[in-house]
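Read off the chains here:
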Amino acid sequence: MDSSRPDTHLKALTINLDPAIYGVLAEIGAGQEVARWFLQVGAASGTVAKTISAYDMTVSDAIYGKVSRYVSRERVEGMLTHEWDLLLDRLGPSKGATTRFFAFADTISARNFGGVNECHGWLGIRFQTQPGGAANTAILHVNLLDQNNLLQQQAVGILGVNLVYAVFHHRDSLPEFLTALFEELSGRVEVDLFAPSGPDLAGLDDRTATLELLTQGLAEAVLFPVDGAPRPPSELLRKRPLVFAPGVFAQVEPLHHAMLSSSCTRLATELDAAHREPLPLFVLSPRHIDAESTASSETLATRVEQLRALGCDVLVSREPELYRLVRYALRYTAEPIRIVLGAVTVADLLRTRLYKGLNGELMEALARLFAYNVHMYVYPTPTQVLDRLSAESASWFTTPGDDGMITLEHLRVPAPQSHLLAYLIDSGVIYSVPTA
């Protein structure tokens, strides 16, 4: 960390020594690590009106209302609303003229004793930027990456202090805000949703802010449902059969929807009644696998909207390699995963130069990609695609038939990759699917 920037101790102390900042800290799960920072650094009476940990579900319901899931956005929003209203009602008359109030809340599922749960949580803060001002709200979804409960508790404590400090000191710049949010937490947490709202955060929206998490390298993937605000990917991917249509989507076309729709229908025929309905997802990458330039947040936002207009949810993945996408999906599901590509993209997949960062290069990439129950569908694409290729790449394809479509059968990969492709086809993990 930059030595000129305050550490967690100094951030908490700075807040405590500011006579105009006063509020409540409510925490469920992972101890009371955020409150502990403010209580242990000194001068806590200058900041802390109340701390509370409604750990028991019945107690929590009695205070904040019953919810279907306790580690959820619904719960943290309920906590914020309840504590904020109480704070203004009880202290507004005596302190409101000189105080910027805040209410911090979190609901966390840290590593349980058996080590079998999903380690994640929601954090939020409601705050004023001036005494008597309107309320602003910032909500985060976090994945905890440490491997034991104690370290995860400590990470939540640091993240909570960073959030309180950032909304009072760094809210005018989104990049600066995110830098401050992740200080002292490199490799320990992943935030895959950031939802800001309020008049003093009018320059931000949840789509832009969540995409910025991705472009800044703070999330591996973010999710934009077709019919609503961003959501944590885990909420949709968990225990679902998945169909991915990946790409950079510089030009969004009806063909893309046909590929995804046909593939989802195909997977549904492979499943029995015990499986849930397959989830189709466009997977948008900021860059092509062999390109260095990365699309900006603004460009990604435009492409997200174009893909959502086709009627499907959009997962934006930070890295373009498909084996990384599979690894990410396997965090949340053991159900069948299908990836649909055009034949030209399959040819790209087999180029050894793309995997120099792996010890096993192409062999390792394919081994990671075709994990258990991961198959690849190859969808027919128009012959015009060949016009965009180099002479070398175009030489990998035979002349299409009368229908003008390129299929897996037109791909003639040179040796030794041809042997790998033949093996994958004969093994039944790569096969053609017909047009919709």
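Below is a short write-up of the structure.

Criteria and cut-off values
- Residues numbered from 1 in each chain as written.
- Predicted model: local features only at pLDDT ≥ 70, side-chain atom pairs only at ≥ 80, totals over all residues.
- Heavy atoms only, no water.
- Helix = DSSP H or I, 4+ residues; strand = E, 2+ residues; numbered from the N terminus.
- Rg over C-alpha atoms; globule rule 2.2 N^0.38 Å.
- Buried < 20%, exposed > 50% of the residue type's maximum accessible area, 1.4 Å probe, protein only.
- Contact = heavy atoms within 4.5 Å.
- Axes fitted to C-alpha atoms, helices over the stretch in contact; angles between N-to-C directions.
- Parallel < 35°, antiparallel > 145°, perpendicular 65-115°, else oblique.
- Left-handed = near helix turned anticlockwise from the far one by under 90°.
- Nonpolar A, V, L, I, M, F, W, Y, C, P; charged D, E, K, R; others polar.
- Arc of directions from axis to C-beta.
- Core = buried A, V, L, I, M, F, W, Y, C linked by side-chain atoms within 4.5 Å.
- Pairing = 2+ DSSP bridges.

## What about the overall build of the protein chain?
And then number 1: Looking only at helices and strands, the protein chain features 15 helices and 15 strands.
And then number 2: Since a compact globule built from 436 residues should have a radius of gyration of about 22 Å, the 25 Å found for the protein chain is in line with a globular shape.
And then number 3: Structurally, the protein chain occupies a C-alpha span of about 80 × 45 × 40 Å along its principal axes.
And then number 4: Out of the 436 residues belonging to the protein chain, those deemed buried represent 54%.
And then number 5: Within the protein chain, contacts between residues separated by at least 24 positions form 71% of all contacts whose residues are at least 6 apart in sequence.

## Focus on the packing of helix H2 (residues 33-40) against helix H5 (residues 149-169)
And then number 1: Contact geometry of H2 with H5 gives a least axis separation of 7 Å together with a crossing angle of 65°. Judged by the angle between their axes, H2 and H5 are roughly perpendicular. Crossing of H2 over H5 shows right-handed handedness. For the pair H2 and H5, contact is made by Glu33, Val34, Trp37 and Phe38 and by Gln153, Gln154, Val156, Gly157, Ile158, Gly160, Val161 and Val164, respectively.
And then number 2: Looking at the contact of H2 with H5 residue by residue, the classes come out as seven nonpolar, four polar and one charged.

## A short note on helix H6 (residues 174-181)
It helps to recall that an α-helix has 3.6 residues per turn; residues three or four apart then point in one direction.
And then number 1: Along H6, the residues that are buried comprise Leu174, Phe177, Leu178, Ala180 and Leu181. The buried residues of H6 occupy one face: seen down the axis, they fall within an arc of 160°.
And then number 2: Residues of H6 that are buried in the fold lie against helix H1 (8-16), strand E5 (136-144), H5, strand E6 (189-197) and helix H7 (206-215).

## Description of the nonpolar core
And then number 1: Counting residues in each nonpolar core, the largest one holds 78 residues, and the members touching the most others are Phe38, Leu163, Phe194 and Val316.
And then number 2: With 11 residues, the top contributor of residues to this core is H5.
And then number 3: The residues touching phenylalanine 38, leaving out its near neighbours within four places in the chain, are Ala12, Ile15, Asn16, Leu25, Ala44, Val48, Val161 and Val164.

## As for the pairing of strand E7 (residues 221-224)
Put simply, side chains in a regular strand alternate between the two faces of the sheet.
And then number 1: Here E7 shows a buried face lined by Ala221 and Leu223 and a second buried face lined by Val222 and Phe224.
And then number 2: Pairing of E7 with strand E10 (residues 313-317), which is carried by four bridges, proceeds in the antiparallel orientation. Bridge pairing in E10 places alanine 221 opposite serine 317.

Without other data, these values stay purely geometric and don't point to any function.
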